[in-house]
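Close look at the chain arrangement
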Amino acid sequence: MEIALIVPGARSVVSKILTCAGLAVAVLFAVAACSDTERGAMVSTANPHASEAAIEILEKGGSAVDAAIAAQMVLTLVEPQSSGIGGGAFLMHWDAGERKVGAYDGREKAPAAARPDLFLQADGTPMAFIDAVVGGRAVGVPGVIAMLWQAHRDHGKLKWSELFAPAIRLAESGFKVSPRLNGMITQFNALSMHPSTRDYFYIDSIEVAGALEPLPVGYLRTNSAYAETLRSIAADGPAGFYEGKTAQAIVAAVRDHERNPGLMTLDDLKAYEARRRAALCRPYRDYRICGMPPPTSGGLTSLMILGMLEHFDLSGLRPGSPMAVHLISEASKLAYADRAIYMADSDFFDVPVTQLLSPGYLRSRAGEIHPGQSMGKAKPGELNSTGDPKHAADESHGRLSTSHFSVVDGKGNAVSMTTSVEGPFGAHVMAAGFILNNQLTDFSFQPEINGKPVANAVAPGKRPRSSMSPTIVLDDDGAFYAAVGSPGGSRIIAYVTQTLIGLIDWELGMQGAIDLPRHVNRNGPIELEDQTDLPGRSADLEKLGHKVDVKTLVSGLHGIRVDGLELDGGADRRREGVVLTTRRGQ
Ligand code: GLU
């Protein structure tokens, strides 16, 4: 029996032959049904190499967490603009045996020497964003390896060391530079500013017409430094990363950066700990949505939007119709307004999670939505008796990078993991064969605005507020229904929420929900995805009082859903991802 299903990547549809119980069936999309008892295993990631690595591990009998580790190690290599072991991540886990959702926090932390003025200039004004990004200053203590180690101790099946084999092999034999990676190198030419990235991302440092030539599409890129790093992590566990040679290379790259050195020390690395957190689960229609709690604002904001929309009948509206876009936008504005004031690292700031998600509060917020007229800019809700929020709205930046992948193993366990180096290519600095993050720019640059403190200000050991929203959905029996998430900076919340609505209210299936034309409202204009039919609704939306901004919106949703006896996967055509399945029963 052999099944190899591929869902479209890069706007192409690939079909393979499915052979099951003696039947040969041509399949265009990732939907398969064979056995009454098992659904097989499936993975959806942003890159074919990463999906293949995960499948290799699943076929050896690995768990969803095992496959996730193999996928992340490969993504570090083939999609260095988005995520990697030099960054941070959040992982949601469904334990099919225990019927429990778990949440793992591998978010980067500020070094012990970081202070609230980290991104302020001598005159007290915030630094220019790009000056903060490039160099050592914004590099947070990476969390991916510690988090995966913890998840593996809880849910791993194969030996830790086995999970690195696919990535080591690919780093040594080389991978072909993809169109997207080539495009990103071309676009982010600050990569040429540091020797570590200049030597890696450009051909022999050759200048063409006065500029360095980015690695072309199809170029075979090897990375022996990364292979060596992976070997030490495979052999020594987190100590192979947070101590010894790898740690020294990270600290040297951060502290010795000529123009913009950072503060991280060997002690910061050694002290890093990932956290198990309690998943935030709330009902939506007949389902239960489980999101990641702070330090990300993702789960909380998405649950707030859905909690407000529960008061409207979306299933009676067409996806993309002006009324559906209007209602989703208004609910989003209200939730993003609260996000700006009330959300940050809950180890440092008392995030009012219970109040923000209370049915009474969400009902009263939903009451501020008028079907016939936009409210304009939404104000944060009043959670205290004075009605005056004690904190100022945070205007932290957020750029387009990050990766999301979903895995379901043969036993029905699932992983939904969003992982990031923050901006494309993180801090634009490499150490030991991988990119270092610039995640600290997710903090507010200003610790105080108009005399009020900002919840998401920098502090030693604090995690910057994130928008990442890895999500697990349960059905009305409390069983696993879906895993999904996306990159996209603070738009992640909107992308994921819209996809959940597509799955639940409009029953579009995973690929259909991912394919929905994107619309986003972060408490400003409605952003409509260009080259879709949404911009054609602009006039109707303007009549409702909205400002409209048509633009390219690059979500990167990768999800898997249970559809009866089948698994139904989807990969975002806006990126390069694929869905693959294993042979049945593995
Ligand atoms: N650093 C962002 C966050 O954690 C994600 C960036 C992105 O998706 O591009 O929310």
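Sequence positions are assigned chain by chain, starting from 1 and proceeding in written order. The model is predicted, so local features are restricted to residues of pLDDT at least 70 and side-chain atom pairs to those at 80 or more, both for listing and for counting; the totals for chains, interfaces and linings are taken over all residues. Just so you know, side-chain values use all the structure's heavy atoms and leave hydrogens and water out.

Focus on the overall build of the protein chain
Strands here mean DSSP runs of E at least two residues long; helices mean DSSP runs of H or I at least four residues long; both are numbered from the N terminus. Counting its regular elements, the protein chain contains 18 helices and 27 strands. Between the two quantities, the radius of gyration covers C-alpha atoms and the globule rule is 2.2 Å times the number of residues to the power 0.38. Its C-alpha atoms give the protein chain a radius of gyration of 23 Å, within 12% of the compact-globule value 25 Å for 586 residues. Projected onto its principal axes, the C-alpha positions of the protein chain cover 75 × 60 × 50 Å. Across the 586 residues in the protein chain, those meeting the buried criterion constitute 61%. When checking whether two residues touch, look at their non-hydrogen atoms; a contact exists if any pair is within 4.5 Å. Of the contacts formed within the protein chain by residues at least 6 apart in sequence, a portion of 71% connects residues at least 24 apart. Under the scheme applied here, a residue whose accessible area is under 20% of the maximum for its type counts as buried, over 50% as exposed, and between as partly exposed, the area being computed with a 1.4 Å probe on protein chains only.

Considerations on the packing of aromatic side chains
The description of an aromatic ring pair uses the distance of the two centres, along with the angle that the planes make with each other. Between 30 and 60 degrees the pair is tilted, below 30 it is stacked and above 60 it is edge-to-face, where a pair is any two Phe, Tyr or Trp rings, Trp via its six-membered ring, whose centres lie within 6.5 Å. According to the stated counting rule, one finds 11 aromatic pairs in the structure shown. Each ring, one from F129 and one from F445, has its centre 6.2 Å from the other, and the planes form 35°; the classification is tilted. Here F129, found in helix α3 (residues 129-133), pairs with F445, found in the loop between β17 (434-435) and β18 (448-449); they are 316 residues apart in sequence, far enough to count as distant. Across the pair, exposure class does not vary: F129 and F445 are buried alike. Pairwise contacts between aromatic rings join F188, Y200, F201 and F425 into one cluster. The ring centre of Y200 lies 4.4 Å from the NZ or CZ of R221, which sits over that ring. Two conditions define a charge located above a ring, namely a distance within 6 Å from the ring centre to NZ of Lys or CZ of Arg, and an angle within 35 degrees of the ring normal.

Looking at the nonpolar core
Throughout this description, the term nonpolar core refers to a set of buried Ala, Val, Leu, Ile, Met, Phe, Trp, Tyr and Cys residues connected via side-chain atoms within 4.5 Å. Membership of the largest hydrophobic core comes to 84 residues, with the highest contact counts inside it found for M73, L148, F164, F201, I250, F425 and L436. Per-element accounting of this core gives the leading share, 12 residues, to helix α2 (residues 64-78). Sequence-distant contacts of F425, that is, excluding residues within four places in its chain, are made with P80, Q81, L181, M184, I185, F188, L191, F201, I435 and L436. L300, A331, A335 and Y481 belong to the second-largest nonpolar core, a separate cluster that totals 77 residues.

Side note on the state of the cysteines
Note that a disulfide, as used here, is simply two cysteine sulfur atoms within 2.5 Å. Tallied over the full model, the rule gives one disulfide. The partner cysteine of C281 in its disulfide is C290, sulfur to sulfur 2.2 Å. Taking the sign of the S-S torsion, about 115° here, the bridge from C281 to C290 comes out right-handed. Residue C281 is classed as buried on the basis of its relative accessible area of 15%.

Digging into the pattern of salt bridges
The rule for a salt bridge is simple: a side-chain nitrogen of Lys or Arg has to be within 4 Å of a carboxyl oxygen of Asp or Glu. Using the criterion set out here, one finds 25 salt bridges in the structure. Across the pair E228 and K245 runs a salt bridge whose closest N-O atoms are separated by 2.6 Å. A residue pair is termed long-range when its members are at least 10 positions apart, and E228 in helix α8 (residues 224-236) and K245 in helix α10 (residues 244-255) qualify at 17 residues. Its relative accessible area of 61% is what places K245 among the exposed residues. D347 serves as the salt-bridge partner of R277, at 3.1 Å between the closest nitrogen and oxygen. Within this pair, whereas R277 is found in strand β11 (residues 275-277), its partner D347 is found in the loop between α13 (322-342) and α14 (353-356), the two being separated by 70 residues in sequence. Using a relative accessible area of 13% as the deciding quantity, one classes R277 as buried. Put simply, D105, R275, R277, D347 and R463 are held in one network by salt bridges that share partners.

Section: the pairing of strand β23 (residues 526-529)
Each regular strand displays side chains that alternate between the two surfaces of the sheet. With burial as the criterion, each face of β23 is covered, one bearing I526 and L528 and the other bearing E527 and E529. DSSP-based pairing: two strands are paired if at least 2 bridges between them are found. The antiparallel hairpin formed by strand β22 (residues 519-520) and β23 contains five residues in its connecting segment, where N523 sits at a positive phi of about 70°. Viewed with both strands pointing away, a crossover whose connecting path from the first strand over the helix to the second turns clockwise is right-handed. Regarding the hand of the β-α-β motif, the stretch spanning β23, helix α18 (residues 538-543) and strand β24 (residues 548-551) is right-handed.

Remarks on unusual backbone geometry
Glycine aside, a negative phi is what most residues show, and trans is what most peptide bonds show. With omega at 20°, the peptide bond leading from P294 into P295 counts as cis. The topology assignment puts P295 in the loop between β13 (287-291) and α12 (298-309). A positive phi angle, close to 55°, is found at R99, a residue other than glycine. For R99, the position within the fold is in the loop between β5 (88-95) and β6 (100-106). Unusually for a residue other than glycine, H428 sits at a positive phi of about 60°. Mapped onto the elements, H428 comes out in the loop between β15 (414-420) and β16 (430-431). For H428, a relative accessible area of 1% puts it in the buried group.

Observations concerning the packing of α2 against helix α4 (residues 144-155)
Packed helices, taken two at a time, are described by the angle their axes make and the gap between the axes. In this analysis an axis means a line fitted to C-alpha atoms, helices contributing only their contacting stretch, and an angle means the value between N-to-C directions, from 0 to 180 degrees. One can describe the packing of α2 onto α4 by two numbers: an axis separation of 9 Å at closest approach and a directional angle of 160°. The orientation of α2 with respect to α4, classified from their angle, is roughly antiparallel. Taken as a pair, α2 and α4 cross one another with a handedness that is left-handed. Between α2, through V65, D66, I69, Q72 and M73, and α4, the contact on the second element is made entirely by V144, I145, L148, A151, H152 and H155. Just so you know the grouping, Ala, Val, Leu, Ile, Met, Phe, Trp, Tyr, Cys and Pro go in nonpolar, Asp, Glu, Lys and Arg go in charged, and all remaining residues, Gly too, go in polar. Taken together, the residues of the contact of α2 with α4 sort by class into seven nonpolar, three polar and one charged. For classification, angles of less than 35 degrees are called roughly parallel, those exceeding 145 degrees roughly antiparallel, those between 65 and 115 degrees roughly perpendicular, and all remaining angles oblique. The sense of a crossing depends on the near helix, which, turned anticlockwise from the far helix by less than a right angle, makes the crossing left-handed and, turned clockwise, makes it right-handed.

Interpretation note: all reported values are geometric properties and have no functional meaning in isolation.
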